[in-house]
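Close look at the chain arrangement
Single-letter residue listing:
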Amino acid sequence: MVGWWGNNSPELRLLFHLLCPLCVHWIAEEMTRSVLVDITTNVLCPGRSTCPQAIYINGLQQTVVGIFKMVVLPVLGQLSDDYGRKPLLLVTVSTTIVPFTLLAINESKSFVYAYYVLRTISFIISQGSIFCISIAYVADVVDDTKRTAAIGCLMGLFSASHVLGNVLARFLPEACIFEVSIALLIFCPLYMSLFLTETVTSAARGDRDMPFFKKVYNIVQERYSSMRYATKVVRSSLTLKCICLVSFFYELGMSGIDSILLYYLKSAFGFNKNQFSEILMTVGIGSIFSQVLVLPLLNPFVGEKVILCAALLSSVVYALLYGLAWAPWVPYLSASFGVVNVLVKPSTYAIISRASSPTDQGKAQGFVAGVQSIASLLSPIAMTPLTTLFLSEDAPFNCKGFSFVCASLCMATSLCCASFLKLKRSNKAIEVDPENTEAPLLS
């Protein structure tokens, strides 16, 4: 790897100026995650460890973001092809600054509500799009033979940044976490504006004279045509249809857990930002180990299906342990299973790639990502009221984590679907409708 970079110093310089601010951005966002639970609970429900308002608001936020992101994400990706990566990256990495600044200025109820509104807008614009545009930037500067390694470095840096963010959250005083985060967030666009090189040339930017809203309308229309063709691709393959079910039920359970986990731990066990950071660090460090070392070593011997089933079984145990946790140490045990859970996504991507023809790779991956988005926006609709009910005194029986038990059933269903997978490599594309062909979203 050292030799690889050493022979490509221009590429290394371009990638460094991308990865450095991205790493700082991810650290700054992650370090606020654990303290936000304490702040919102204390402000919205003073003197109480359980806060239904905060749980409902977070569920609503996830649903709204999921709905709008399905439209905004492809539009931003296409605009980065037309107007350049740099301006879109500058916009997306800057959206978090104002919401966090509000909480740094004042932690009153009105400011917390304003934070939720602005943070929802920020998520719609930046969640997912930063990563997609960054991968497009990597594809611009690295040739095909080295692109996989470069994207692997980007994903590894993403996981490492989350670990560093949680380390800072664990040891910094709560009073200064937002100030440090804001300073780091301001550094990112400043650094990019000074050092990041644009990779999309003027000749490749398409028709820039077209009105902006007309361009957006055309992009949405193209996405609709592309989705129709992607549906044909998936319906033509039993493997792809099965993996859609696997992804839907897994995301239905796991996204619901992610949306309410920290609030549940605070309500059930009185955890604070230190315990949150320790649990998130456990998962983050283990994720780096399992994705970088374990997955490449196991895959040639057991294959993607075995890894997927093992990871799904681990996710079932993960959810059950949280749901039936009887002591404060049990969530730490549950978090250790997250080290295996993270292998669900890469094994899913590999199975989709194996079952798709070379010309339909992007369409199949995009269709499954759309299925996952639908599950992630539906999940809070069930998980939020269920969690609130069983954390309250009106619960029909004593099981504070009953919503996690329900999530485990969703993931058990996903495991059952995965057990019926028949992996077949596809090298033949279905007949293409000329009206539905288009350039890649992120070239």
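Below is a short write-up of the structure. From a predicted model like this one, the values you see are computed outputs, not experimental measurements.

**Some details on the packing of aromatic side chains**
In the structure shown here, the tally under the stated rule is 16 aromatic pairs. Measuring from ring centre to ring centre gives 4.8 Å for Trp 26 and Phe 158, while their planes differ by 90°; the resulting arrangement is edge-to-face. With Trp 26 in helix H2 (residues 9-30) and Phe 158 in helix H9 (residues 144-171), this residue pair connects regions lying 132 residues apart in the sequence. Assessed through its relative accessible area of 6%, Trp 26 is described here as buried. Since its relative accessible area comes to 29%, Phe 158 is described here as partly exposed. Between Phe 187 and Tyr 191, the ring centres sit 5.5 Å apart and the planes meet at 45°, which makes this aromatic pair tilted. Here Phe 187 and its partner Tyr 191 are both found in helix H10 (residues 177-195), 4 residues apart, which amounts to about one turn of the helix.

**Observations concerning empty space enclosed by the protein**
The final tally for this structure, using the stated rule, is 1 cavity of 30 Å³ or more. Its boundaries defined by the atoms lining it, the largest cavity holds a volume of some 40 Å³. In this structure, the largest cavity is lined by Val 246, Ser 247, Tyr 250, Glu 251, Val 344, Lys 345, Thr 348 and Gln 372. It is helix H12 (residues 238-269) that contributes the most residues to the lining of the largest cavity, 4 residues altogether. Residue composition of the lining of the largest cavity, by class: 3 nonpolar, 3 polar and 2 charged.

**Brief notes about the pattern of salt bridges**
The full count for this structure, using the stated rule, is 5 salt bridges. The salt bridge partner of Glu 30 is Arg 33, with a shortest N-O separation of 3.8 Å. Residue class for Glu 30 comes out buried when judged on its relative accessible area of 6%. According to the relative accessible area criterion, Arg 33 is partly exposed, its value standing at 33%. Two residues, Glu 278 and Arg 170, come together in a salt bridge whose shortest N-O distance is 2.9 Å. Separated by 108 residues along the polypeptide, Glu 278 in helix H13 (residues 273-323) and Arg 170 in helix H9 bring together distant segments of the chain.

**Considerations on the state of the cysteines**
Considering all chains together, one arrives at 1 disulfide under this definition. Across a sulfur-sulfur distance of 2.2 Å, Cys 45 and Cys 51 are joined as a disulfide pair. In this structure, the disulfide formed by Cys 45 and Cys 51 twists by about 70° around the S-S bond and is classed as right-handed. Relative accessible area serves as the criterion here: at 1%, Cys 51 is assigned to the buried category. Cys 406 provides the cysteine sulfur closest to Cys 399, a residue in no disulfide bond, and the two sulfurs are 8.7 Å apart.

**Here we look at the packing of H13 against helix H14 (residues 330-341)**
Remark: H13 packs on H14, axes separated minimally by 6 Å, with the N-to-C direction vectors making an angle of 30°. If you check the angle between H13 and H14, you find them roughly parallel. A per-class count over the contact of H13 with H14 returns 16 nonpolar, 11 polar and 1 charged.

**Here we look at the nonpolar core**
If you look at the biggest cluster of nonpolar residues, it comprises 76 residues, and the most contacted ones within it are Leu 240, Ile 243, Ile 257, Leu 265, Leu 308, Tyr 322 and Met 411. In terms of residue count, the dominant contributor to this core is H12 (14 residues). Here Ile 257 is in contact with Tyr 318, Ala 319, Met 383, Phe 404, Ala 407 and Met 411, once residues within four sequence places are set aside. By size, the runner-up hydrophobic cluster in this structure holds 21 residues, among which are Leu 88, Val 93, Val 142 and Ala 150.

**Section: the packing of helix H3 (residues 33-44) against H12**
The contact between H3 and H12 brings their axes to 10 Å, and the two run at 60°. Judged by the inter-axis angle, H3 sits oblique to H12. Of the two elements, H3 crosses H12, and the hand of that crossing is right-handed. Counted together, Arg 33, Ser 34, Leu 36, Val 37, Asp 38, Thr 40 and Thr 41 of H3 and Asp 258, Leu 262, Tyr 263 and Lys 266 of H12 form the full contact between these two elements. Within the contact of H3 with H12, the residues separate by chemical class into 4 nonpolar, 3 polar and 4 charged.

**Details of the side chain of Ser 122**
By the element assignment, Ser 122 lies in helix H7 (residues 109-126). Classification of Ser 122 as buried rests on a relative accessible area of 1%. Residues within four places of Ser 122 in sequence aside, it is in contact with Thr 95, Thr 96, Pro 99 and Gln 127.

**What about the side chain of Lys 266?**
Tracing the backbone shows Lys 266 in helix H12. Accessibility expressed as a relative area gives 11% for Lys 266, which makes it buried. For Lys 266, the side chain forms a polar contact with the side chain of Asp 38, separated by 2.9 Å. If we skip the residues at most four places from it in the chain, Lys 266 touches Val 37, Asp 38, Thr 41, Ser 49, Phe 271 and Phe 276.

**With respect to H3**
Between the first and last C-alpha of H3 there are 17 Å, a value that for 12 residues agrees with the 16 Å anticipated at 1.5 Å per step. Buried residues dominate H3, accounting for 10 of its 12 residues. Considered for burial, the residues of H3 that qualify are Ser 34, Val 35, Leu 36, Val 37, Asp 38, Ile 39, Thr 40, Thr 41, Val 43 and Leu 44.

What counts and how
Residues numbered from 1 in each chain as written. Predicted model: local features only at pLDDT ≥ 70, side-chain atom pairs only at ≥ 80, totals over all residues. Heavy atoms only, no water. Phe/Tyr/Trp six-rings, centres within 6.5 Å; stacked < 30°, edge-to-face > 60°. Helix = DSSP H or I, 4+ residues; strand = E, 2+ residues; numbered from the N terminus. Buried < 20%, exposed > 50% of the residue type's maximum accessible area, 1.4 Å probe, protein only. 1 Å grid on protein atoms, 1.4 Å probe; cavity = no way out; pocket = protein on both sides within 12 Å on 5 of 7 lines; lining within 4 Å. Points joined across faces, edges and corners; volume = space filled by probe spheres on them. Nonpolar A, V, L, I, M, F, W, Y, C, P; charged D, E, K, R; others polar. Salt bridge = Lys/Arg side-chain N within 4 Å of Asp/Glu carboxyl O. Disulfide = S-S within 2.5 Å. Axes fitted to C-alpha atoms, helices over the stretch in contact; angles between N-to-C directions. Parallel < 35°, antiparallel > 145°, perpendicular 65-115°, else oblique. Core = buried A, V, L, I, M, F, W, Y, C linked by side-chain atoms within 4.5 Å. Contact = heavy atoms within 4.5 Å. Left-handed = near helix turned anticlockwise from the far one by under 90°. Polar contact = N/O pair within 3.5 Å; in protein donor to acceptor, adjacent residues only side chain to side chain. Expected span 1.5 Å × (residues − 1).

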